[in-house]
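# Descriptive analysis of the structure
The residues making up each chain are set out below.
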Amino acid sequence: MEINELEMKALTIRKSVLELIYQAKTGHTGSDLSCTDILVALYYQIMNVDAKDPQKHDRDQYIQSKGHAAEVLWAVLADKGFLPKEELATFSQFGSRLIGHPNNKVAGVEMNTGSLGHGLPVAVGIALAGKLDHRTYQTYTLLGDGELAEGSVWEGAMAAANYQLDNLTAIIDRNGLQITGASEDVMAVEPLDEKWRAFGWDVHIVDGNDMAALVAALEKPHQPNQPKLIIAKTIKGKGYSAAENQAQWHHKVPTAEELAQAIAELDQQMEVLTHGKK
């Protein structure tokens, strides 16, 4: 897809996410909106996955360590055809497969996630298995920046470099906020790039809401024998002005009025993207 097509798709997915959360009266709005561009770049441009053959042998592997942002994953998987779009209406209802964290009962989900700090170590294992089995797939994992307080993340980071996993890409959704406030106030992790380089990773810092920059970083070839890390600097609540950079929107559900305003803003962004008019 062209970059402007990917940007339009991201706006469409944001609208779906907001409507999904509003209807279910639950969801991680700010977290979903910050990483929407990342998931769109991965699923519509980068990863070798196929809804018609979700278990194909050398499919790329995606682990959403930031599992609480499940709503955007469900919206993307439905749009790609991994599940019926009509099933989105069952999100968070009793008996639904579409729960508040990724669920591997749904095609396209490799493992259940949401217990923070688990995704990267599992992705390391998947990438290592690929190396040992001489498989061609790539492994991708998305982490939240608040998740970096978990020690298992750093064990996984150390192991990935030790095993020279140049078939592994980790992406940090660096929106700077978590449920209790600014991530640097809760548990400081800066200088983040220097930490990961010290652990042996090839590190790239990009604007995580800039589709062209994201795609370029994801498409850049791996350095030999090094896992790749993309620090994606994003805006929590991206796309809806009232939610942007607001920690209280981490798990806030929009009212009917807020939903209407958010959709109107996203429609305006689509208009600008289509016609270049503000």
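Residues numbered from 1 in each chain as written. Predicted model: local features only at pLDDT ≥ 70, side-chain atom pairs only at ≥ 80, totals over all residues. Heavy atoms only, no water.

This part covers unusual backbone geometry. Excluding glycine, a negative phi dihedral is what most residues carry, and trans is how most peptide bonds are arranged. Residue E190 is joined to P191 through a cis peptide bond whose omega torsion reads 5°. The topology assignment puts P191 in the loop between α6 (183–186) and α7 (192–198). Look at H134: it is not a glycine, yet its phi comes out positive at around 55°. By secondary structure assignment, the location of H134 is in the loop between α4 (119–132) and β2 (139–144). H134 sits in the exposed class, given a relative accessible area of 73%. The backbone of N225 sits at a positive phi, close to 70°, despite the residue not being glycine. Tracing the sequence through the fold places N225 in the loop between α8 (211–219) and β7 (228–233). (Helix = DSSP H or I, 4+ residues; strand = E, 2+ residues; numbered from the N terminus. Buried < 20%, exposed > 50% of the residue type's maximum accessible area, 1.4 Å probe, protein only.)

Attention now moves to the sheet that holds strand β3 (residues 168–174). Pairing is parallel across the open sheet formed by five strands, whose spatial order is β1-β2-β3-β7-β6. Each end of this open sheet is capped by a strand with a single partner; those strands are β1 (61–64) and β6 (202–207). Averaged over all neighbouring strand pairs, the angle between strand axes comes to 20°, with direction disregarded. Inspection of the sheet shows β2 paired to β3 by six bridges, in the parallel sense. (Pairing = 2+ DSSP bridges. Axes fitted to C-alpha atoms, helices over the stretch in contact; angles between N-to-C directions.)

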